[in-house]
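# Inside the fold
Residues per chain are reported as follows:
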Amino acid sequence: DIALGRDTSVFQCAVVKAILCGKSVYLLTEALEYRKFIKTANRNFYDMLTGYEKKIADYGVHIVSAEKLKNEAKIDQLSINDFSEAFDCTEKVITGAIAENLCKRNREKVILKKGAIVTPLAKDAFTNAKIQFNFV
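Just so we're clear, the structure is a prediction, and the values are computed from it rather than from any experiment. (Residues numbered from 1 in each chain as written. Predicted model: local features only at pLDDT ≥ 70, side-chain atom pairs only at ≥ 80, totals over all residues. Heavy atoms only, no water.)

### A few points about unusual backbone geometry
Where we set the bar: Counting from the N terminus, the helices are DSSP H or I runs at least four residues long and the strands are E runs at least two residues long.
Residue K130 is not a glycine yet carries a positive backbone phi of 55°. Here K130 shows up in the loop between α6 (120–128) and β6 (132–135).

Now the structure itself:
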């Protein structure tokens, strides 16, 4: 859907808007579900999905593995624990449910990936739990 410019879900809307605003967008290869079916999928259908992947790459979306993203991330003045916490949340859109899940970890702060969108409900969840959130 993103390759076609459709923004029918919150995730797609965030990615399309980021592309339109000229922001860097990183997509984890692990999120590309169709790749799991390389051995069983109809070849033409699989090739079409590969074409869409190439199209979004042409739009400037960086398709990387989680490990590569971790290695390339700038740690600045964060501890290793903060760094690993940041990558526990791979979501680009932090919803209220995701924030509540993060709040259950009983930490004073949560590190989110730079560029993640935090919904108003998520902000409320962090505020109610007295948890500070920062972006890396």
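### A closer look at the packing of helix α5 (residues 96–103) against α6
Selection rule: Orientation is described by axes fitted as lines to C-alpha atoms, over the contacting stretch for helices, and by angles from 0 to 180 degrees between their N-to-C directions. An angle below 35 degrees is treated as roughly parallel, one above 145 as roughly antiparallel, one from 65 to 115 as roughly perpendicular, and anything else as oblique. Helix crossings fall into two classes, left-handed where the near helix is turned counterclockwise from the far one by less than a right angle and right-handed where it is turned clockwise. Residues are treated as being in contact if the distance between any of their heavy atoms lies within 4.5 Å. Three categories are distinguished: nonpolar for Ala, Val, Leu, Ile, Met, Phe, Trp, Tyr, Cys and Pro, charged for Asp, Glu, Lys and Arg, and polar for the others, with Gly belonging to the last.
At their nearest, the axes of α5 and α6 sit 7 Å apart, and the two run at 20° to each other. In terms of orientation, α5 lies roughly parallel with respect to α6. In this structure, the crossing between α5 and α6 has a hand that is right-handed. From α5, G96, A99, E100, L102 and C103 reach across to α6, where they touch L121, A122, A125 and F126. Class assignment of the residues belonging to the contact of α5 with α6 gives a composition of seven nonpolar, one polar and one charged.

### Some thoughts on the confidence of the model for the chain
The condition that has to hold: Residue-level confidence of the predictor is summarised by pLDDT, bounded by 0 at the bottom and 100 at the top.
Looking at the chain as a whole, the pLDDT averages 80, with 85% of positions reaching at least 70. Contacts from residues 74–88, a stretch scored under 50 in pLDDT, to residues over four places away or in other chains number 22 contacts.

### Details of α6
For clarity, the threshold we go by: Exposure is judged per residue with a 1.4 Å probe applied to protein chains only, and the accessible area is read against the type maximum: over 50% gives exposed, under 20% gives buried, and values in between give partly exposed. Comment: arc refers to directions from the helix axis out to C-beta atoms.
Inspection of α6 places A122, A125 and F126 among the buried residues, and these make up the whole buried set. All buried residues of α6 lie within an arc of 95° about the axis, which places them on one face of the element. In α6, the exposed positions angled more than 90 degrees off the buried face are occupied by P120, L121, T127 and N128. As for α6, its buried residues are in contact with β3 (93–94), α5, β4 (109–112), β5 (117–118) and β6. In the stretch just after α6, K130 is the one whose phi turns positive, near 55°.

### Digging into the pattern of salt bridges
Here is the rule: For this analysis, a salt bridge means a side-chain nitrogen from Lys or Arg found within 4 Å of a carboxyl oxygen belonging to Asp or Glu.
Taken as a whole and assessed by the stated rule, the structure comprises four salt bridges. For the salt bridge of E53 with R35, the shortest nitrogen-to-oxygen distance reads 2.4 Å. One end of the pair, E53, is in helix α2 (residues 43–58); the other, R35, is in the loop between β1 (25–28) and α2, and 18 residues separate them in sequence. Residue E53 is classed as buried on the basis of its relative accessible area, which comes to 12%. Given a relative accessible area of 34%, R35 falls into the partly exposed group. Here D47 ties to R43 by a salt bridge, and the two come within 3.7 Å at their closest N and O atoms. Pair noted here: D47 and R43 are both in helix α2, with a separation of four residues, about one helical turn.

### So, the pairing of strand β2 (residues 61–64)
Quick note on the threshold: For two strands to count as paired, DSSP must find a minimum of two bridges between them. When the strands point away from the viewer and the connection leading from the first strand across the helix to the second strand turns clockwise, the crossover is called right-handed.
As paired elements, β1 and β2 share four bridges and run parallel to each other. Among the inter-strand pairings, L27 is bridged to a residue of β2, identified as I63. With α2 bridging β1 and its parallel neighbour β2, the resulting β-α-β unit is right-handed.

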